[in-house]
Structures are given as structure tokens and as C-alpha cells.
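# Breakdown of the fold
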Amino acid sequence: MGCISVAEAWVNSAESLGADLHLELTGPGSRRAVLMMALRDGIRSGRLAPGTGLPPYRSLAADLGIARNTVADAYAELVAEGWLTARQGSGTRVAQQVAPVAPVRGQRTPARPTRPTYDLVQGQPDPSAFPRGAWLASARRALTAAPHDAFGPGDPRGRAELREALAGYLARVRGVRTNPRRIVVCSGAAHALRLMAAVAGGGSGRWAVESYGLPYHRALLAGEGIRTVPLAVDEHGARVGELGAVGAVLLTPAHQFPTGGPLHPERRAAVVDWARSTGGLVLEDDYDGEFRYDRQPVGAVQSLDPDRVVLVGSVSKSLSPTLRIGWMVLPEQLVDDVVAAKGEREQWSSATEQLTLADFIASGAYDRHVRTMRQRHRRRRDQLVSALAERAPRVRVTGIAAGLHAVLELPAGTERAVVKAAAWQGLAVEGLADYRHPDCPAGEGAGHRERDGRDGLVVGYATPPEHTYGGALDSLCRALP
């Protein structure tokens, strides 16, 4: 028979639940042969992936304007050849064992794997380490004992049970001086920053931030109309003696992010003196204060002056970022303003999850989980240090006394090449330059010691699942100079 001249056919039928199928029906031969060729080409190219459901043959026949038996016969022959599968109740699908053909010679290949095999990007704990059993037990107890108002609109300050549990926990573990009235529950550090920007972002419209930090936080403040001014950091933390005319300063004093190291005691006192003398505000991001391995945790700066320091914390590093539960420990004079900025109805953190976390803390399960994860993270950190000492002894590791990540210092000018080499090894990892403030010239963000340039990697050793961590370290070592 002659050529079917239909260049393109779009299939969209109610019977196939709205599935669209693009086919190019060109070439000589019978209608059945041309249809089979189009389907094979779609499968070979990978456009029709294994498991993809095809429209029922009646729908396809109606939309193409050909006989039902023609489509049914084409389907049946492709099933016999192994291209398709057909089962009662699940329809016709591309066979799972069919894989797209390899690229032809000369075809351009991707510069890096589209999906890395290993992940050492900092920012989250291993999701498989979430304490499901203990969390479920707390959830059952919390829901059983929950008062009826827990299922109402909610309090913008957060559930009283959680605020009370947090007040006791933060005082015991982080040395925080507060009470439940001064704690406002939020959905994480970013939400806390937005609220503080709304409340304290006026005046000069300029806040100081550490010259190395999360770009997301800087972008968030910029979106609220606040210009961020970089404050250099060195081995003793932020150089707070260089604070100028700014309305607030955002610090990570327990473990400078991402370069590592606590804020020196003299600088902790100095930044509180600055706040008292200028009326400024200190925002303390306590993002991983519980995870210190080589000595006792460093206490919160908030304890030096609860009326000038706002402490921000969350469970994103200790439990999971998906819970979206954080908190602010506020000066008394800011509580009403923050609650007003947050809104009259609690719309950010689930009340039932807040009650669960309150029980999780009060029952001691949170302490037990943190201790378990501290041991696990320390073991992983030691594995990282040992592997580097054996296979890349010239690479210096810093920031390892605490937290969930380490910084690997690299020879000047090699950072981009190492990140690219890691990608070729199937490893996702970030360069230190990704965290440098854009207004801070390269090499000037980390103090006098590093003004000749600083290249490095930020390695999140808590991120990979346990069974892939060894492979991730192998890939990392192969990528290093």
C-alpha cells in the first residue's frame, strides 16, 4: 500500500485518561507497518520510556483514522517481539526490559552525569536516619492527649506545649535564657528571617552578614529590601570589631557556616557590646549547635543578653527539613510585633506535628536521637579525615569540630576544576566560592590569612545513606588534586 502522509498525530482520548502520545507516521508500507515503526522509534530513542502506558487501541485507531484491527494487530505483534507488554487491567505498556539504543558515533554526550550517583552536598541529614518508630510513638501519645483546641485555627505563637518543651530544652542544652512567652514557633530559619526582616528591617536598611554564608539567606533579605554588608571571617569567626552603621548582624557563632569554628569569646562579648551601644540587633542562627564532637557544645550568644539577641533554631539538621518546624527566642519587646507579622492564624507549622515534637522532647527521645546522630556523624567525619590523610594528604580539612560538613582547602585556582572532576566521578559537591558574599572579592572574605585566595570544597558528610558513604568518599578522593 502507499505511504501514509500524516506527519504528526496527537492522541488524547478520555478513555486513556488524557494521555498524550506524539507519533510521526511517515514512510512507505502498510498502515500497520508504519505505526509499528513509529512506536519502535519512540521506544528506541527513549522518548517512550519503559513502563509508559499507551492509549487503548480503540482510542488510537479513532484519532489516527485507521481501523481498530490495524492498531490491535500492531500492538499484538510488538508484544510478541518484546517491545510492549499487555495485561488485563493495566493496558498496553512499553516493556520494562527495553532500553534506548546507545548514541550514534559522533553524537554529543553530556558534560556531566545528569543525576549524580553520590551526594556530598551539605544541608540535610541522611533521610534514612529519621527515627520513625520513636516519632510514631510520640505522635500516638500526643494525639491521644491533645486538647480539642489543637484541631482549631491555632495560635500564631505556636502550641504552648511545644514552647514549654523548647524553653526547658534550650536552657538545658544551649544555655539559653528564656521562657515560653518569648518563643515563637515558625517553619524554619528562612521563615524566621522573613519575620525579623518585617519587624526589624527598617532604619538603615542595611544588615551585616558573614562574608561566607547561605546565598539563600542573603537573597531572602534582599527580597525584603535589606542590603547585606559582608563581615570578614577568620579562624576566630566573624570579625565583629568591623561592624559599622547597620541595623542588625546575622551570625552563626556556634559553628561558622560554612568555614567552621566557633566565634571567639572576646568577639561574642564584643558583638553584644555593639548591640547595646548602637541599639542594634544580633540574629543568632543556631543551625547545628547540638552537634559538637571534640568538646562540650558552645553556649548560645543569646545567654549574654536576651534583650539584644534573637536566637533562631530548627529541627532541619537534627531530625528532618520536611517537618518545617523552627523557633525564635525573642527579646520581650519584639514578641508582639513578630506575632503580628506572622498573622492571626497559625498557617505554617502543623499543630499535630508541634504536639508530636513537644512529646518527643519531653520524653527524652529527642536527646537520645541527637546522641545517636552525634556518634554517627563523628564516625563519618573520622572516615572522611582518614581517607583524605591516606589518599590526599596535601588537602587540609577544617571546620570538623562540629556540624554536619567539613571544608577541604584546595590549592589556589583549582576549585572549579575539582568540582567538575567530582561531577565526572558521579559525585555532587559544592565549592567554597558558592557561599562567598558577592560584594566580597575572592580571597578577602575570610580574613588576612586568606587574602591570597582561598579555594575549597564544602563536603556534607551527613547526607549520603550509610551504604553509599564509602563510594562517595572514593569518588571524592579520585577527584582531588
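Provided above is the structure to which this section pertains.
Residues numbered from 1 in each chain as written. Predicted model: local features only at pLDDT ≥ 70, side-chain atom pairs only at ≥ 80, totals over all residues. Heavy atoms only, no water.

## Brief notes about the overall build of the protein chain
Looking only at helices and strands, the protein chain has 13 helices and 19 strands in total. When each of the 481 residues of the protein chain is scored for burial, the buried share is 52%. When the accessible surface of the protein chain is summed, it comes to about 22,500 Å², and 51% of that surface belongs to carbon and sulfur atoms. (Helix = DSSP H or I, 4+ residues; strand = E, 2+ residues; numbered from the N terminus. Buried < 20%, exposed > 50% of the residue type's maximum accessible area, 1.4 Å probe, protein only. Areas by Shrake-Rupley, 256 points an atom, 1.4 Å probe, with all protein chains shown as cover.)

## Let's talk about the sheet that holds strand β8 (residues 227-231)
On the basis of which strands lie adjacent, the open sheet formed by seven strands has the order β6-β14-β13-β12-β11-β7-β8 and mixed pairing. Across the chains shown, the open sheet's two edge strands, defined by having one partner strand only, are β6 (183-186) and β8. The average undirected angle you get between the axes of adjacent strands in this sheet is 20 degrees. For strand β11 (residues 248-251) and strand β12 (residues 281-285), the ladder comprises four bridges, and the chain directions are parallel. From the neighbouring strand, Leu251 faces β12, where its bridge partner is Glu284. Sitting on the sheet, helix α6 (residues 189-200) touches β6, β7 (206-210), β11, β12, β13 (309-314) and β14 (326-329), and the angle it makes with β12 is about 175 degrees. (Pairing = 2+ DSSP bridges. Axes fitted to C-alpha atoms, helices over the stretch in contact; angles between N-to-C directions. Contact = heavy atoms within 4.5 Å.)

## Things to note about the packing of helix α4 (residues 132-145) against helix α10 (residues 351-362)
Following both chains from N to C, one finds α4 and α10 inclined at 110 degrees, their axes separated by 8 Å at the closest point. Put simply, α4 runs roughly perpendicular to α10. Considering the relative orientation of α4 and α10, their crossing is right-handed. Mapping the contact onto sequence places Ala134, Trp135, Ser138, Ala139, Arg141, Ala142 and Leu143 in α4 and Thr352, Glu353, Leu355, Thr356, Leu357, Asp359 and Phe360 in α10. (Parallel < 35°, antiparallel > 145°, perpendicular 65-115°, else oblique. Left-handed = near helix turned anticlockwise from the far one by under 90°.)

## Overview of the side chain of Ser349
One can find Ser349 in the loop between α9 (335-342) and α10. Of the polar contacts made by the side chain of Ser349, one reaches the backbone oxygen of Arg324; its length is 3.0 Å. Filtering out sequence-adjacent residues up to four positions away, Ser349 remains in contact with Val185, Cys186, Ser187, Arg324, Ile325 and Gln354. (Polar contact = N/O pair within 3.5 Å; in protein donor to acceptor, adjacent residues only side chain to side chain.)

## Section: the environment of Ala245
Mapped onto the elements, Ala245 comes out in the loop between β10 (237-238) and β11. For Ala245, a relative accessible area of 61% corresponds to the exposed category. Taking C-alpha positions, Ala245 is 8.7 Å from Trp207, a pair spaced 38 residues apart along the chain.

## Quick look at the packing of α6 against α9
If you want to describe how two helices pack, look at the angle between their axes and the distance between the axes. Taken N-terminus to C-terminus, the directions of α6 and α9 make an angle of 110 degrees; their axes are 9 Å apart at the nearest point. Between α6 and α9, the interaxial angle falls into the category roughly perpendicular. Both α6 and α9 take part in a crossing whose hand is right-handed. Contacts from His191, Leu195, Met196, Ala198 and Val199 in α6 reach Asp337, Val338, Ala341 and Lys342 in α9. Here the contact of α6 with α9 is built from residues that sort into six nonpolar, one polar and two charged. (Nonpolar A, V, L, I, M, F, W, Y, C, P; charged D, E, K, R; others polar.)

## Description of the sheet that holds strand β16 (residues 406-410)
On the basis of which strands lie adjacent, the open sheet formed by four strands has the order β15-β16-β19-β18 and antiparallel pairing. Each end of this open sheet is capped by a strand with a single partner; those strands are β15 (396-398) and β18 (430-431). Note that β15 and β16 share three bridges and pair antiparallel. Opposite Val397, over in β16, you have Leu408 as the bridge partner.

## Brief notes about the packing of aromatic side chains
Following the criterion strictly, the structure yields six aromatic pairs and no others. Residues Phe130 and Trp135 carry aromatic rings whose centres are separated by 5.8 Å and whose planes lie at 65 degrees to one another, so their mutual orientation is edge-to-face. There is no split in this pair, since Phe130 and Trp135 are both buried. Members of the aromatic cluster, joined through ring pairs, are Phe130, Trp135, Tyr169, Phe360 and Tyr366. Looking at Arg380, its charged tip hangs above the ring of Tyr469, at a distance of 4.9 Å from the centre. (Phe/Tyr/Trp six-rings, centres within 6.5 Å; stacked < 30°, edge-to-face > 60°. Lys NZ or Arg CZ within 6 Å of the ring centre and 35° of its normal.)

## Structural notes on unusual backbone geometry
In the segment running from Phe257 into Pro258, the intervening peptide bond is cis, with an omega of 0 degrees. Its identity is not glycine, yet Arg324 carries a phi of approximately 55 degrees, on the positive side. Arg324 gets classed as partly exposed once you look at its relative accessible area, which sits at 36%.

## Some points on the nonpolar core
Of all hydrophobic cores here, the largest spans 56 residues; its most connected members are Leu319, Leu357, Leu384, Leu457, Leu476 and Leu480. The element contributing the most residues to this core is helix α11 (residues 365-391), with seven residues. Ignoring anything within four residues of it in the chain, the contact list for Leu480 reads Leu388, Ala392, Val395, Leu408, Leu410, Val418 and Leu457. Counting 26 residues, the second-largest nonpolar core is a separate cluster that includes Ala192, Val209, Leu283 and Val339. (Core = buried A, V, L, I, M, F, W, Y, C linked by side-chain atoms within 4.5 Å.)

## Points about the pairing of strand β19 (residues 455-459)
Taken across its five residues, β19 has five buried, putting it largely inside the fold. Of the two faces of β19, the one lined by Asp455, Leu457 and Val459 and the one lined by Gly456 and Val458 are each fully buried. Relative to β19, β16 runs antiparallel, the two sharing five bridges. When the bridges of β19 are listed, Glu409 appears paired with Gly456. In this structure, β18 lies alongside β19, joined through two bridges in antiparallel fashion. Across the sheet, residue Glu430 finds its bridge partner in β19, namely Val458.

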